[in-house]
Amino acid sequence: MKHILTLTALAAVTLSGVAGATTYPLTFTDDLGRKVTLKAEPKRIVSVLPSTTETLCAIGACDRLIGVDEYSDYPQQVTKLPKVGGLYNPNIEAMVALKPDLVLVSKYGKLAEPLSQAGITVIAVNPETYDEVFSRTLLLGRIVNREAQAKALVTKLKSDIARVEILTKNAVRKPTAYFEIDPTPYSIGPNSFMGVLLTKAGARNIIPVSMGDFPKVDPEFIVKANPQLILGVDATTAGARPGWASISALKTGRVVTIPSELNTILGRPGPRLAQALLGLARLVHPELFKADVKK
Amino acid sequence: MEGAAARRAPGLALPLGTLGLAALLLLAVVLGTGLGSVTIAPLEVLGALWRGATGQALAGNDVIVWQIRLPRVVMGLLVGASLSVCGGAFQGVFRNPLADPYLLGVASGSALGATVAIVAGWPRALIPVTALLSALGAVACTLTLAREGRRFPPTRLILAGVVVGSVLSAATTALILRGEDRARQVLAYTLGDLGFSGWRDVLTVLPYAALGCGALLLLARALDTLQLGELTARSLGVPVERLRLIAVVAASLATAGAVAYVGVIGFVGLIVPHMVRLAFGPGHRTLLPLSALLGAALLVFADLLARTTPLSQVGIVTTLLGGPFFLWLLRRQTRD
């Protein structure tokens, strides 16, 4: 037995060096902290996280998807796949009925246990920080034996991001910004993956690191911070809030709602990260992108 | 409950209690206006108030004091006073120590209305309107269910309130699950929040609070008589059924007005009257006004805690502090 394992390991090293192919069984720790072993290359995959769905398609494994959650709507072809519910109302029976050999889940939603008991391999892949977007893309590449494509995607993403960053880095004035993701109000901290994008888009986030990644904000803090740019609220709503008329962004009219498509992409830590950054950078620094407005 | 406190001279309890609680209230207002995510010195607070009141230009922290904190504090006062007076009155009307303003389904009705508005994405200005309408609808529903001829027997009323409340809460939960992306906003509402309370909101709540609480304060003497028992009260000339109806409508008005703007703030209406009763006796002529003072002060303190700690919402603070206190009260009463 020991010999076989050693041999397998050796083969894995050799093969990965030569062809960049994954060897199975593949064992690793997933985002639920469980040790998972994938016995063979998965061919029938259910994805219940839109970002995972997008990543799989971007690395050339879209044809292996046999079912997705009801929020997965990109790329176009996944919209025709059977829907297996959402995070809070997953349809486990539908998932089992599809006879998948792998279900990719979020670390929230408690799907791992019932599906495992039904004999289905479950892996939680759940990027939450900026860096995790890349590491999980590579992991998905290993899982579906598309390592080269995953590496290429990561390289492409990073260079697309760098291209936007070059523009915003040279921006003369970087506005202080408040980004509202929920009118309660909730905002984003600089270390969250959206916060990293906001900074890369050339804004100075008014939320300090100490407040956390997705803090509920005291309205008077926002008034005191007096941001030059407000994202995620419409001007009428913002103007109607007590004391907000005195905020610099409202005086200069720099209160910008996020278009709904961009909002969707911004919420998905997946292959459209660079696209999300570009959209955000256009809102923060419209003057830098004047040339391609006509496109 | 009818211990020594009840026999204490009512003539002295009111002025003494009023004085003490008024001082507490003043402290709450001063601290509530001065402290927060930005600390503002008392002199600066006074300066800001003066500049705002005299119509001068607001500078620096003035905006925070005058347009954000003060309306928030005043809203806390109004809501705290309303919920507490209503709680005291409900406990008297139904002669039930567990009664509180949310008893008749007001809160769940309000929450459902607000949830509909939030999930549908209607403008913020419409949220209180739908909340108020559905709150009044819920009360009407409870009253219809509980009605027995022209009477509203307390047990039936409470049972009907619980049932209506549960059904409406289930509907609210179903809606929250359907509108996942707005779930947090709905959740914040159902947990009670004073954030974003402005002067316009205060002015909208004021008439509800004044009308509702005013009416209840006028009923205090009749409520005292009712404590002798329904039959005795009737024979003493108290129109029991009419008293009950007026009290319910008045309390619903005040509660719905408060709930519509700041959401569901638990336990204040239940606990404040008990605290006042323990300290100053059960007579409603002292109980109701002192509950207003204590409730107002407590809610401002609770909101201050919410703003400056990770508890983040006033409803969470009142429930966390109020729950254990209530259990202690229950144990104490059973031991007596």
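Residues numbered from 1 in each chain as written. Chains lettered and ligands numbered in written order. Predicted model: local features only at pLDDT ≥ 70, side-chain atom pairs only at ≥ 80, totals over all residues. Heavy atoms only, no water.

Novice: Give a description of the overall build of chain A that names residues and reports values.
Specialist: The helix and strand inventory of chain A stands at 12 helices and 11 strands. By principal-axis analysis of the C-alpha atoms, chain A measures approximately 70 × 40 × 40 Å. Looking at the 295 residues of chain A, the share that counts as buried comes to 51%. For chain A, contacts bridging at least 24 residues in sequence account for 54% of all contacts bridging at least 6. Per element, the accessible surface of chain A, about 14000 Å² overall, is 57% carbon and sulfur. If you average the places of the 35 positive and of the 26 negative side-chain charges in chain A, the two averages end up 6 Å apart. (Helix = DSSP H or I, 4+ residues; strand = E, 2+ residues; numbered from the N terminus. Buried < 20%, exposed > 50% of the residue type's maximum accessible area, 1.4 Å probe, protein only. Contact = heavy atoms within 4.5 Å. Areas by Shrake-Rupley, 256 points an atom, 1.4 Å probe, with all protein chains shown as cover. Lys, Arg positive; Asp, Glu negative; His and termini not counted. Charge placed at Lys NZ, Arg CZ, Asp CG, Glu CD.)

Novice: Give me the overall build of chain B: which residues, what numbers.
Specialist: Helices and strands together make up the secondary structure of chain B, namely 15 helices and 0 strands. Compactness check: chain B gives a C-alpha radius of gyration of 20 Å against a globular reference of 20 Å for 336 residues, within 12% of the reference. In terms of overall dimensions, chain B has a C-alpha envelope of 65 × 55 × 40 Å along the principal axes. Expressed as a percentage of the 336 residues in chain B, the buried residues total 54%. About 14700 Å² of surface is accessible on chain B, with carbon and sulfur atoms providing 70% of the total. Chain B carries 25 positive and 14 negative side-chain charges, and their two centres are separated by 6 Å. (Rg over C-alpha atoms; globule rule 2.2 N^0.38 Å.)

Novice: Go over a nonpolar patch on the surface with me, naming the residues and quoting the values.
Specialist: Residue and element names in this part refer to chain B. A contiguous nonpolar surface patch, about 430 Å² in accessible area, is contributed by V116, W122, L126, V129 and L133. The element that contributes the greatest number of residues to the nonpolar patch is helix α6 (residues 126–146), accounting for 3 residues. Locating W122 in the fold gives a position in the loop between α5 (106–120) and α6. By relative accessible area, W122 is classed as partly exposed at 40%. (Patch = residues over 30% accessible without salt bridge, like charges linked within 9 Å, V, L, I, M, F, W, Y side chains within 5 Å. Salt bridge = Lys/Arg side-chain N within 4 Å of Asp/Glu carboxyl O.)

Novice: Before we move on, can you summarise the interface of chain B and chain A with the specific residues and values?
Specialist: Put simply, an interface is often sized by how much accessible area is lost when its parts join up. Taken together, the contact pairs 23 residues of chain B with 21 residues of chain A. Across the chain B to chain A interface the summed buried area is about 2000 Å²; carbon plus sulfur atoms make up 61%. Taken together, chain B and chain A are joined by 4 salt bridges. One salt bridge connects B:R69 with A:E220, and the closest N-O pair in it is separated by 2.3 Å. There are 7 residue pairs in polar contact (both at pLDDT 80 or more) connecting chain B and chain A. Those elements giving two or more residues to the side of chain B that touches chain A turn out to be α4 (62–93) and α8 (183–190) of chain B. Residues of the side of chain B that touches chain A, tallied by class, amount to 7 nonpolar, 10 polar and 6 charged. (Buried area = accessible area lost by both parts, 1.4 Å probe. Polar contact = N/O pair within 3.5 Å; in protein donor to acceptor, adjacent residues only side chain to side chain. Nonpolar A, V, L, I, M, F, W, Y, C, P; charged D, E, K, R; others polar.)

Novice: Residue-level account of the state of the cysteines, with values.
Specialist: Per the stated rule, a full pass over the model turns up 1 disulfide over all chains. Each disulfide pairs two cysteine sulfurs, and for A:C57 the partner residue is A:C62, the sulfurs being separated by 2.0 Å. Disulfide A:C57-A:C62: the torsion about the S-S bond is 60 degrees, which places it as right-handed. Comparing A:C57 with A:C62, the two get one shared label, buried. The closest cysteine sulfur to the non-disulfide-bonded B:C86 is located on B:C213, 5.2 Å from its own sulfur. A residue is classified by how much of its surface remains accessible, and B:C86, at 0% relative accessible area, is buried. (Disulfide = S-S within 2.5 Å.)

Novice: Could you give an account of the pairing of strand β7 (residues 176–182) of chain A, with specific residues and numbers?
Specialist: Residues and elements named next belong to chain A. When you tally the buried positions in β7, you get 6 out of 7 residues, the bulk of the element. Examined bridge by bridge, β7 and strand β9 (residues 204–205) share 2 bridges and lie parallel to one another. Bridge pairing in β9 links A177 to N205. Pairing of β7 with strand β8 (residues 186–187), which is carried by 2 bridges, proceeds in the antiparallel orientation. (Pairing = 2+ DSSP bridges.)

Novice: Which residues make up the sheet that holds strand β3 (residues 45–47) of chain A, and what are the values?
Specialist: Residue and element names in this part refer to chain A. Across the sheet, which stays open at both edges, the 4 strands sit in the order β4-β3-β5-β6 with parallel pairing between neighbours. Edge positions in the sheet fall to β4 (65–68) and β6 (122–124), since each of these pairs with one other strand and no more. Between one strand axis and the next, the sheet turns through 20 degrees on average, direction left out of account. Where β3 and β4 come together, 3 bridges link them in parallel fashion. If you follow I45 over to β4, its bridge partner there is L65. Across the sheet, helix α2 (residues 50–58) lies against β3, β4 and β5 (102–105), angled at about 160 degrees from β4, the strand it touches most. (Axes fitted to C-alpha atoms, helices over the stretch in contact; angles between N-to-C directions.)

Novice: Residue-level account of the environment of A:N91, with values.
Specialist: Residue and element names in this part refer to chain A. By the secondary structure assignment, N91 is in the loop between β4 and α3 (92–97). When the C-alpha positions of N91 and D69 are compared, they lie 9.0 Å apart, and in sequence the two are 22 residues distant. Not counting chain neighbours up to four residues away, the residues in contact with N91 comprise V84 and G85. Among the polar contacts made by the side chain of N91, one reaches the main-chain amide nitrogen of A94 at a distance of 3.1 Å.

Without other data, these values stay purely geometric and don't point to any function.
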